Amino acid sequence: MIMVQPVWQRRRFLATAGLAGAAAALSGCGGSSTGSGVGLRYMYWGSAFEKRGIEQMLDQFGDEHPGVTVEPIHVPGDYETKINTLVASNDLPDVAYLGAATAYRLAEQGKLLDLEPHLKDYPLLADRSPGSYFYWAEGKNLGTHASNQIILTWYNRATLTAAGVEPPPAVAADAWDWDTLINTADRLTVDRDGRHPSEAGFNADQVAQFGLSLPMTHWYSLVRSNGGNIADEAGTRCLLNTPEVIEVFQRMQDAVHRHRVSPSPAQLGAAESGSAPTTTVLLQTKRVAMAIDGHWTLLDLGQSDLDYGVGVLPAFQEPITQRNRTPRVIRSGAEHLEQTLQLYTYAMDPEHIDLFRAGLWMPVDEKYFTDETALATWINPDVHPPEFKTAAIDYMINNSVTGYAERLKNATAINEVVTPALQQIELGTRPAADVLNELAAKVEPLLQGWYPGPETYR
């Protein structure tokens, strides 16, 4: 069976799935005591693999904290709707994953605990870099994140070797420029008669293998690489129609519709179904040779028999990748605050959860990148490819920027306007400049500035 992933929704956040089991688990929720003990609830999203890892961690926490039981609440789909339902009934779980925009909204409504006064009591939280916290106002901290994830270039090693093609560089300083990316992807794209897109007679309707999967959803890394952004430093002027941004989107469109080295949604069968095969499936089946996608792809790749590799993204003015982080939050008024904070901190520690060694996450704390003993606790040679240190760890430390939705105010309303506009570019129906000029005029009235943080604009 082919696994599918949403084309325009953030992976693992708003995936389409039934909520019957989650609704049953949530019925009658509320902080509770179990006999003489303490009962807590931990709500999260994710695949079956993530569910297994979280439940193992929660079981271990219970074993190490006698008298405390934790109910795992796994919501595999439409997480935002479920959160809104719980907010309306004043029934948020003790600890939960939240998207940044939702977390800011609930913090501003007084629904979430301000973590700042408690940092001094928990060194694991207090010692994190200032950029790891989510501040909704000066000195008001709704939480931190449990992991780092960035956008990378994945590839089928055997496919590239067979074509005599060098893999994407694993060092940021050596990142391909855009023309090199397209030329390489052309060599890896063939129709059923073995012709490349640059050759006469190439049949774009009978492509056996595309050189590159380039989802429009990963635009922000490339825009930042070209010196662009969605908004200016004040967060009040839209920059989506600046030359730097237009260039990137037009080149992304051209990769699909002019150079024909990357599949359109229709060519992946996603235009009708709203979903496309996962990156792992695309690489395994040799539907594509290379794919730009998030670090989370490693979870599925690590469980496959594919000989895969990883490289940095192509660069425009400078090598840049987007760092994705999801805040973990505590509801305000938690009945058992001490135990809740213990659970919150426990779930942040890479030594307590195997999802780091399984490839889903990278740690947050610096020691897990600089200390060889700590590094060995999560790097798994059976999962992480040999070039991972430079292609992912060094790349993240030295060349990453925070995703705009994690700092930009009113991001939910802004994305509701941005997403359908960018789909027009992806489908090739209109030139990027035309779409972006109209889009900027719609986005600018929605801009309300950036939330506080040392990495706001960087």
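Conventions adopted
Residues numbered from 1 in each chain as written. Predicted model: local features only at pLDDT ≥ 70, side-chain atom pairs only at ≥ 80, totals over all residues. Heavy atoms only, no water. Helix = DSSP H or I, 4+ residues; strand = E, 2+ residues; numbered from the N terminus. Buried < 20%, exposed > 50% of the residue type's maximum accessible area, 1.4 Å probe, protein only. Contact = heavy atoms within 4.5 Å. Areas by Shrake-Rupley, 256 points an atom, 1.4 Å probe, with all protein chains shown as cover. Axes fitted to C-alpha atoms, helices over the stretch in contact; angles between N-to-C directions. Parallel < 35°, antiparallel > 145°, perpendicular 65-115°, else oblique. Nonpolar A, V, L, I, M, F, W, Y, C, P; charged D, E, K, R; others polar. Salt bridge = Lys/Arg side-chain N within 4 Å of Asp/Glu carboxyl O. Polar contact = N/O pair within 3.5 Å; in protein donor to acceptor, adjacent residues only side chain to side chain. Pairing = 2+ DSSP bridges. Phe/Tyr/Trp six-rings, centres within 6.5 Å; stacked < 30°, edge-to-face > 60°. Lys NZ or Arg CZ within 6 Å of the ring centre and 35° of its normal.

Considerations on the overall build of the chain
Right, so step 1: Within the chain, the regular secondary structure consists of 18 helices and 15 strands.
Right, so step 2: A burial count over the chain gives 57% of its 458 residues as buried.
Right, so step 3: A separation of at least 24 residues holds for 74% of the contacts in the chain among residues at least 6 apart in sequence.
Right, so step 4: As displayed, the chain has an accessible area near 18,200 Å², and 49% of this comes from carbon and sulfur atoms.

Considerations on the packing of helix α3 (residues 79-88) against helix α4 (residues 100-108)
Right, so step 1: Orientation of α3 relative to α4, taken along the N-to-C sense of each, is 10°, at an axis distance of 12 Å. Considering their axes alone, α3 and α4 lie roughly parallel with respect to each other. Counting all contacts with α3, which are made through Glu80, Ile83, Asn84 and Val87, the residues of α4 involved are Thr102, Arg105 and Leu106.
Right, so step 2: By residue class, the composition of the contact of α3 with α4 is three nonpolar, two polar and two charged.

Things to note about the pattern of salt bridges
Right, so step 1: If you walk through the whole model with that rule in mind, you get 16 salt bridges.
Right, so step 2: Across the pair Lys140 and Asp114 runs a salt bridge whose closest N-O atoms are separated by 4.0 Å. In this pair, Lys140 sits in strand β6 (residues 140-145) while Asp114 sits in the loop between α4 and α5 (123-126), placing the two residues 26 residues apart along the sequence.
Right, so step 3: For Lys140, a relative accessible area of 38% corresponds to the partly exposed category.
Right, so step 4: The class for Asp114 is buried, based on a relative accessible area of 16%.
Right, so step 5: A salt bridge links Asp254 to Arg258; its shortest N-O distance comes to 3.9 Å.
Right, so step 6: Salt bridges linked by common partners bring Arg41, Asp91, Asp94 and Arg331 together as one network.

Some details on the environment of Trp450
Right, so step 1: In this fold, Trp450 is placed in the segment after α18 (432-443).
Right, so step 2: Judged by relative accessible area, Trp450 falls into the buried class, the value being 10%.
Right, so step 3: Considered as a pair, Trp450 and Ala234 are 216 residues apart in the sequence and their alpha carbons are 7.0 Å apart.
Right, so step 4: Among the polar contacts made by the side chain of Trp450, one reaches the main-chain carbonyl oxygen of Asp232 at a distance of 2.9 Å.

Considerations on unusual backbone geometry
Right, so step 1: Its identity as a non-glycine residue notwithstanding, Arg260 has a phi of 60°, on the positive side.
Right, so step 2: You can see Arg260 is positioned in the loop between α9 (243-257) and α10 (270-273).
Right, so step 3: Of note in this structure, Asn410 is not a glycine but carries a positive phi near 60°.
Right, so step 4: Looking at the secondary structure, you find Asn410 in the loop between β15 (400-402) and α17 (411-427).

Thoughts on the sheet that holds strand β4 (residues 95-97)
Right, so step 1: With mixed pairing, six strands are arranged side by side in an open sheet as β3-β2-β4-β14-β6-β5. With one partner strand each, in any of the chains shown, β3 (68-74) and β5 (133-137) form the two edges of the open sheet. Neighbour-to-neighbour, the strand axes of this sheet turn through a mean angle of 25°, independent of strand direction.
Right, so step 2: In terms of strand pairing, β4 meets strand β14 (residues 327-330) through three bridges, oriented antiparallel. Looking at β14, one finds that Val95 is bridged to Ile330.
Right, so step 3: This element, helix α2 (residues 48-64), spans β2 (38-44), β3 and β4 of the sheet and lies at about 170° to β3.
Right, so step 4: Strand contacts of α3: β2 and β4, with the helix running at about 140° to β2, the strand carrying the most contacts.

Looking at the packing of aromatic side chains
Right, so step 1: Counting across every chain of the model gives 17 aromatic pairs.
Right, so step 2: Residues Trp45 and Tyr97 carry aromatic rings whose centres are separated by 5.1 Å and whose planes lie at 90° to one another, so their mutual orientation is edge-to-face. Of this pair, Trp45 sits in the loop between β2 and α2 while Tyr97 sits in strand β4, and the two are 52 residues apart along the sequence. With respect to burial, Trp45 and Tyr97 carry one shared label: buried.
Right, so step 3: In textbook terms, an aromatic cluster arises when at least three aromatic residues are bridged by ring pairs, as seen for Tyr42, Tyr44, Trp45, Tyr79 and Tyr97.
Right, so step 4: Here the basic side chain of Arg328 rests over the ring of Tyr97, its NZ or CZ set 3.6 Å away from the ring centre.
Right, so step 5: Directly above the ring of Tyr451 sits Lys409, whose terminal nitrogen or CZ lies 5.4 Å from the centroid.

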